[in-house]
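Survey of secondary and tertiary structure
Read off the chains here:
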Amino acid sequence: MSFEELLRVQSNTRTRVCKQVTGGKKTAKPAKATVKQQQGKKGPLEMSAKKPVPFLRQVVSVTKKVRRDPRFDDLSGEYKPEIFMRTYSFLDNIKKQEKEMIQKQLKKCRNVEQKEKLQQLLNRMTQQEQAREKQQKLRERELSLKRQQRELAKQGKKPFFLKKSEKRKLELAEKYAELKRSGKLESFLNKKRKRNAIKDKRRLPSQKNL
């Protein structure tokens, strides 16, 4: 037997012995864990670098705060303008005192820039006061109409409901009566005529288009 044949026989016998020892089965490799075991009970959890970690992750669960708007919440009760105005009527007295104080400062002020600022503030407060008075008159009118409707309902008659156009006519009548009492009706009518004349002039075709 040659030397090469002897080596071949030895290698065959070795492979046969190895297969008998292992039972002819290959050893399975342990699977790679994506998450490593914690180092101790209180150790941090190590994530595998092969699996991308999400950009936004919830570490601690936070309870979402629910905000409520008291204007549209039933817990705040029903809004009633009469009760509201009666409850906060002291604010009108405070605003009146502030207006008087600004008027005194305006008389004493000599600085032109500061005087202009005070005048603007005074004008704004006057406009707000006029708007409040207008709202108050509208509420009083609505309350009087409701009282009339209740009286008619008690008498067994059918209550009447004014349309928007009729309410508008009543507002204009009250406005004209107030202007007449204050002596400003003529100036108001002149201004209104000028505005209407300007509107009519804009509607007319220009000479270029003729």
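Computed from a prediction, not measured in an experiment: that's the story for all the values here.

**Description of helix H5 (residues 164–182)**
Given 3.6 residues to a turn, an α-helix orients residues that are three or four positions apart in the same direction. Compared with the 27 Å implied by 1.5 Å per residue over 19 residues, the 27 Å span of H5 between its first and last C-alpha is a close match. Backbone geometry just after H5 places Gly183 at a positive phi near 80°.

**Here we look at the nonpolar core**
Looking at soluble globular proteins, one finds that nonpolar side chains tend to be buried together. Ranked by size, the top nonpolar core spans six residues in total: Ile102, Leu106, Cys109, Leu118, Leu122 and Met125. Contributing elements (two or more residues each) for this core: helix H3 (90–108) and helix H4 (112–154). For this core, the leading source of residues is H4, giving three residues.

**A few points about the packing of H4 against H5**
At a closest axis distance of 12 Å, the pairing of H4 and H5 adopts a crossing angle of 125°. When the axis of H4 is compared with that of H5, the two are oblique. Relative to H5, H4 is oriented so that their crossing is right-handed. In this structure, H4 contributes Lys137, Leu138 and Arg141 to the contact, and H5 contributes Leu170, Glu171, Glu174 and Glu178. Partitioning the contact of H4 with H5 into residue classes produces two nonpolar, no polar and five charged.

**A few points about the environment of Gln148**
As for its placement among the helices and strands, Gln148 is situated in helix H4. Its relative accessible area of 39% is what places Gln148 among the partly exposed residues. Separated by twelve residues in the primary sequence, Gln148 and Phe160 place their C-alpha atoms 8.9 Å from one another.

**Section: the packing of aromatic side chains**
We describe a pair of aromatic rings using the distance from one ring centre to the other and the angle between the two ring planes. Per the counting criterion, the structure on display carries three aromatic pairs. An angle of 45° between the planes, with centres 4.9 Å apart, marks the rings of Phe84 and Tyr88 as tilted. What makes Tyr88 partly exposed here is its relative accessible area of 41%. Taken together, Phe84, Tyr88 and Phe90 form an aromatic cluster joined through their ring pairs.

**Considerations on the packing of H5 against helix H6 (residues 185–203)**
The contact between H5 and H6 brings their axes to 7 Å, and the two run at 125°. If you check the angle between H5 and H6, you find them oblique. Taking contact as the criterion, the partners of Lys175, Tyr176, Leu179 and Lys180 in H5 are, on H6, Leu185, Phe188, Leu189 and Lys192. Here the residues of the contact of H5 with H6 sort into five nonpolar, no polar and three charged.

Conventions and cut-offs
- Residues numbered from 1 in each chain as written.
- Predicted model: local features only at pLDDT ≥ 70, side-chain atom pairs only at ≥ 80, totals over all residues.
- Heavy atoms only, no water.
- Helix = DSSP H or I, 4+ residues; strand = E, 2+ residues; numbered from the N terminus.
- Expected span 1.5 Å × (residues − 1).
- Core = buried A, V, L, I, M, F, W, Y, C linked by side-chain atoms within 4.5 Å.
- Buried < 20%, exposed > 50% of the residue type's maximum accessible area, 1.4 Å probe, protein only.
- Axes fitted to C-alpha atoms, helices over the stretch in contact; angles between N-to-C directions.
- Parallel < 35°, antiparallel > 145°, perpendicular 65-115°, else oblique.
- Left-handed = near helix turned anticlockwise from the far one by under 90°.
- Contact = heavy atoms within 4.5 Å.
- Nonpolar A, V, L, I, M, F, W, Y, C, P; charged D, E, K, R; others polar.
- Phe/Tyr/Trp six-rings, centres within 6.5 Å; stacked < 30°, edge-to-face > 60°.

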